[in-house]
Amino acid sequence: MSEISKIKLSIIIPAHNEAEVIEKTLSGLEAAVTTPHEIIVVQDHCTDATPDIVGNFSTTNSNVRLISNADIKGFGNAIQIGFCVARCETVAIVMADLCDDPATIDEMYKKLVESNSDLVCASRYMHGGKKISGPYIQGALSSLVSRSMRVMIGIPTWDIANS
């Protein structure tokens, strides 16, 4: 069986000028995620050393790929490009700036498979979730909007703004 056919999860990281944190993010993912996976870093018009750092990291981690967003710059386009090149139907989007805890990925993957769900969302605003940093007022408004959308239109997540 080829290494590619063993992959169960594609992790997409949109990255724009993340040279200061990208290696730590990749190392953290490799240390925490035990589900067979690939990591796709979509460099989004970087002007720093992000592509070089990812390229160097991938020489010792064959499951890490660097893809360039040659299309219009932006978070949404970078994610879309990641989806287009992903080798798995099961995808996790992780921020390059260490705001996501990679230790939750295996648990989310397991929940997705066991529940036969189409989507599992992490949430800062449900039991066990937490918002670690950022302006208080922004967090309060984000929580209020997310909870309101859940109640008013039935979006089945506690955190609509979490990628």
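Residues numbered from 1 in each chain as written. Predicted model: local features only at pLDDT ≥ 70, side-chain atom pairs only at ≥ 80, totals over all residues. Heavy atoms only, no water.

Chemist: So what's going on with the overall build of the protein? Residues and values would help.
Modeler: Within the protein one finds 6 helices and 4 strands. Counting from the amino terminus, helix and strand elements in the protein follow one another as α-β-α-β-α-β-α-β-α-α. Residue pairs at least 24 apart in sequence account for 70% of intrachain contacts in the protein once pairs closer than 6 positions are excluded. Accessible surface, the protein as shown: approximately 9,900 Å² in total, 56% of it carbon and sulfur. (Helix = DSSP H or I, 4+ residues; strand = E, 2+ residues; numbered from the N terminus. Contact = heavy atoms within 4.5 Å. Areas by Shrake-Rupley, 256 points an atom, 1.4 Å probe, with all protein chains shown as cover.)

Chemist: Run through the packing of helix H2 (residues 22-32) against helix H3 (residues 50-58), naming residues and quoting values.
Modeler: Orientation of H2 relative to H3, taken along the N-to-C sense of each, is 30°, at an axis distance of 9 Å. The orientation of H2 relative to H3 falls into the category roughly parallel. For the pair H2 and H3, the crossing hand works out as right-handed. Side by side, H2 and H3 meet where Ile22, Glu23, Leu26, Ser27 and Glu30 of the first sit next to Thr50, Ile53, Val54 and Phe57 of the second. Split into classes, the residues belonging to the contact of H2 with H3 amount to 5 nonpolar, 2 polar and 2 charged. (Axes fitted to C-alpha atoms, helices over the stretch in contact; angles between N-to-C directions. Parallel < 35°, antiparallel > 145°, perpendicular 65-115°, else oblique. Left-handed = near helix turned anticlockwise from the far one by under 90°. Nonpolar A, V, L, I, M, F, W, Y, C, P; charged D, E, K, R; others polar.)

Chemist: Explain the sheet that holds strand S4 (residues 91-93) to me, using residue names and the numbers behind them.
Modeler: The pairing of strands in a sheet comes from backbone hydrogen bonds and takes either a parallel or an antiparallel form. Across the sheet, 4 strands lie side by side as S3-S2-S1-S4; this open sheet has parallel pairing. Each edge of the sheet is formed by a strand with only one pairing partner; in this case those strands are strand S3 (64-68) and S4. Across this sheet, the average inter-strand angle for adjacent strands is 25°, counted without regard to direction. Pairing between strand S1 (residues 9-15) and S4: 3 bridges, direction parallel. Its bridge partner lying in S4, Ile12 is registered against Ile93. (Pairing = 2+ DSSP bridges.)

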